[in-house]
Amino acid sequence: MLGRVNHIAIAVPNLTAATASYRDTLGAAVSQPQVLPDHGVTVVFVELPNTKVELLEPLGEASPIAAFLEKNPSGGMHHICYEVDDILAARDELAASGARVLGSGEPKIGAHGKPVLFLHPKDFFGTLIELEQV
Ligand code: CO
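In this text the structure is predicted, and so the values were computed from the model without any measurement.

What counts as what
- Residues numbered from 1 in each chain as written.
- Predicted model: local features only at pLDDT ≥ 70, side-chain atom pairs only at ≥ 80, totals over all residues.
- Heavy atoms only, no water.
- Helix = DSSP H or I, 4+ residues; strand = E, 2+ residues; numbered from the N terminus.
- Rg over C-alpha atoms; globule rule 2.2 N^0.38 Å.
- Contact = heavy atoms within 4.5 Å.
- Areas by Shrake-Rupley, 256 points an atom, 1.4 Å probe, with all protein chains shown as cover.
- Donors = N, O, S within 2.8 Å, 3.2 Å for Na, K, Ca; no water.
- Buried < 20%, exposed > 50% of the residue type's maximum accessible area, 1.4 Å probe, protein only.
- Salt bridge = Lys/Arg side-chain N within 4 Å of Asp/Glu carboxyl O.
- Pairing = 2+ DSSP bridges.
- Polar contact = N/O pair within 3.5 Å; in protein donor to acceptor, adjacent residues only side chain to side chain.

### Details of the overall build of the chain
When you go through the chain residue by residue, the secondary structure sums to 3 helices and 9 strands. Moving toward the C terminus, one meets the helices and strands of the chain in the order β-α-β-β-β-β-α-β-α-β-β-β. Over its C-alpha atoms the chain spans a radius of gyration of 15 Å, differing by no more than 12% from the 14 Å that the globule rule assigns to 134 residues. Taking the principal axes of its C-alpha atoms as reference, the chain extends roughly 45 × 35 × 25 Å. Considering only contacts in the chain between residues 6 or more positions apart, those separated by 24 or more positions represent 54%. Just so you have it, the chain exposes about 7,500 Å², and 55% of that area is on carbon and sulfur atoms.

### Some thoughts on the coordination of the cobalt ion
Taken together, the protein donors to the cobalt ion comprise H7 (NE2), H79 (NE2) and E130 (OE), at separations of 2.0 to 2.1 Å. Motif for the cobalt ion, donor spacing along one chain: H-x71-H-x50-E. Taken as a pair, H7 in strand β1 (residues 5–11) and H79 in strand β6 (residues 76–84) lie far apart in primary sequence, 72 residues in all. Side by side, H7 and H79 carry an identical accessibility label, which is buried.

### With respect to the pattern of salt bridges
Taken as a whole and assessed by the stated rule, the structure comprises 5 salt bridges. E106 is paired through a salt bridge with R91; the nearest N and O atoms lie 3.2 Å apart. Of the two residues, E106 sits in the loop between α3 (87–96) and β7 (108–109) while R91 sits in helix α3, which places them 15 residues apart along the sequence. With a relative accessible area of 16%, R91 lands in the buried category. Overlapping salt bridges bring together R91, D92 and E106 as one network.

### So, the pairing of β6
Among the 9 residues of β6, 8 are classified as buried, and the element is accordingly described as predominantly covered. Summarising the sheet, β1 and β6 pair through 6 bridges and their orientation is antiparallel. Looking at β6, one finds that A11 is bridged to G76.

### What to know about the side chain of T51
Within the secondary structure, T51 sits in the loop between β4 (41–47) and β5 (52–58). By relative accessible area, which is 13% here, T51 ends up buried. Within polar-contact distance, the side chain of T51 engages the backbone oxygen of N6 at 3.1 Å. Discounting chain neighbours no more than four positions away, the residues touching T51 are V5, N6, H7 and V46.

### Notes on the environment of G75
The topology assignment puts G75 in the loop between α2 (66–71) and β6. As for G75 and L56, which are separated by 19 residues in sequence, their C-alpha atoms are 9.4 Å apart. Setting aside anything within four residues of it in sequence, one finds G75 in contact with A11, V12, P13 and L69.

This is the structure we're talking about:
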């Protein structure tokens, strides 16, 4: 079912500082910030040879990462995104095996304009999993 790691997402309290750290201390190529009101985040992409890291900063009162940052005030790994060929087939297979899909169970359009779903972290060893159809 799983393909490549599409990205690893890290929630950060201060996107400007985190971007500078990746760019200046770690020497990575970083994007301009993208404001994604539908997702309640502002994101910077760190481009690596084999994958991406997404730095996520909360946007707005109802940001889905606000509670995570309350528990992890200095930031932390928020989710890992795996690519799948067919997101609906993956969802149905996972649901049949008892894994919980978050939200309505219908894919949403993610930060890269592709359909995504999230799986309950308690079903996967404490890690929030995002599936993205590529
Ligand atoms: Co993601």
